[in-house]
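Understanding the architecture of this molecule
So the chains spell out like this:
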Amino acid sequence: FSCTSNRYMLNDKGEDKNFLVNMIEDLSDKGQLSAHPILVIDGEPLRYDVELKKDKLQLTKEDIKEVQVLKKEVGIRIYGEPGEAGVLVITTKSSSS
């Protein structure tokens, strides 16, 4: 993985900060998404080369309630061409739903 994978690092210490990086790496190895998927956090899409380039993730492993992988077709239907990279939907414990 390239050093740019730090765009998916969490605000944790130790191994927990690599929680998402490892998950993305694993899903990428299985062909379920690319190494640079869109993250949708509580409904807000963060693209690898746009939002995640400017801002670090303000998230800890403890904040995460659930992570879902969208099927590629669904990701493309919702997010257009960027969805081809794959979409990880993250629900946090603080989300109102």
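It should be noted that the structure appears before, not after, this text.
Residues numbered from 1 in each chain as written. Predicted model: local features only at pLDDT ≥ 70, side-chain atom pairs only at ≥ 80, totals over all residues. Heavy atoms only, no water.

1. Things to note about the overall build of the chain
Our working definition: The way it works is that DSSP assigns letters per residue, a run of H or I at least four long becomes a helix, a run of E at least two long becomes a strand, and they are numbered from the N terminus. Buried means the residue's accessible area, taken with a 1.4 Å probe over protein chains only, is under 20% of the maximum for its type, while exposed means over 50%, and partly exposed covers the values in between. Throughout, a contact is declared for two residues whenever any of their heavy atoms are within 4.5 Å. Values of accessible area rely on a 1.4 Å probe in the Shrake-Rupley scheme; residue burial ignores everything except the protein chains shown. Residues scored as positive are Lys and Arg, those scored as negative are Asp and Glu, and His as well as the terminal groups of each chain are ignored. Taken as the charge location is NZ of Lys, CZ of Arg, CG of Asp or CD of Glu.
Secondary structure summary: the chain contains 3 helices and 4 strands in total. Along its sequence from the N terminus, the chain presents helices and strands in the succession α-β-β-α-β-α-β. Along the first, second and third principal axes, the C-alpha set of the chain runs to 35 × 35 × 25 Å. Put simply, the chain has 97 residues, and 37% of those count as buried. Long-range contacts, defined here as pairs at least 24 residues apart, represent 60% of the contacts in the chain between residues at least 6 apart. Within the structure as shown, the chain displays about 5900 Å² of accessible surface, and the carbon and sulfur contribution to it stands at 47%. Distance between charge centres in the chain, computed from 14 positive and 17 negative side chains, equals 1 Å.

2. Let's talk about unusual backbone geometry
A positive phi is found at Asp-42, a non-glycine position, where the angle reads about 50 degrees. Checked against the element boundaries, Asp-42 lands in the loop between β1 (38–41) and β2 (44–46). According to the relative accessible area criterion, Asp-42 is partly exposed, its value standing at 36%.

3. Things to note about the pattern of salt bridges
Short version of the rule: Each salt bridge in this description consists of a side-chain nitrogen of Lys or Arg and a carboxyl oxygen of Asp or Glu lying within 4 Å of one another.
Taken as a whole and assessed by the stated rule, the structure comprises 4 salt bridges. Notably, a salt bridge pairs Glu-51 with Arg-47, separated by 2.8 Å at the nearest N-O pair. Taking the shortest distance from any N to any O, the salt bridge between Glu-62 and Lys-93 comes out at 3.1 Å. Placement of Glu-62 in the loop between α2 (51–54) and β3 (64–69) and of Lys-93 in the segment after β4 (87–92) is noted, with a sequence separation of 31 residues between them. Residue classification places Glu-62 among the exposed positions, given a relative accessible area of 58%. Lys-93 sits in the partly exposed class, given a relative accessible area of 47%.

4. Quick notes on the packing of aromatic side chains
Let me state the cut-off plainly: Centre distance within 6.5 Å is the pairing criterion for rings of Phe, Tyr and Trp, where only the six-membered ring of Trp is used; planes under 30 degrees apart are then read as stacked, over 60 as edge-to-face, and the remainder as tilted. Only Lys NZ and Arg CZ are tested; either one counts as a charge over a ring when it is within 6 Å of the ring centre and within 35 degrees of the ring normal.
Overall, the coordinates contain 1 aromatic pair when judged by the stated rule. For Arg-7, the ring lying beneath its charged end belongs to Tyr-48, and the centroid distance is 4.3 Å.

5. A few points about the pairing of β1
Heads up, the condition is: Following DSSP output, two strands are said to pair if at least two bridges run between them.
Residues Ile-38 and Val-40 line one face of β1 and the alternating positions Leu-39 and Ile-41 line the opposite face, and both faces are buried. One ladder, built from 4 bridges, connects β1 with β4; its direction is parallel. Looking at β4, one finds that Ile-41 is bridged to Ile-90. Sheet topology places β1 next to β2; 3 bridges connect them, and they run antiparallel. Counterpart to Leu-39 in the pairing with β2 is Leu-46. Taking the residues that link successive antiparallel strands as the turn, the β1-β2 hairpin has 2 residues, and the phi of Asp-42 there is positive, at about 50 degrees.

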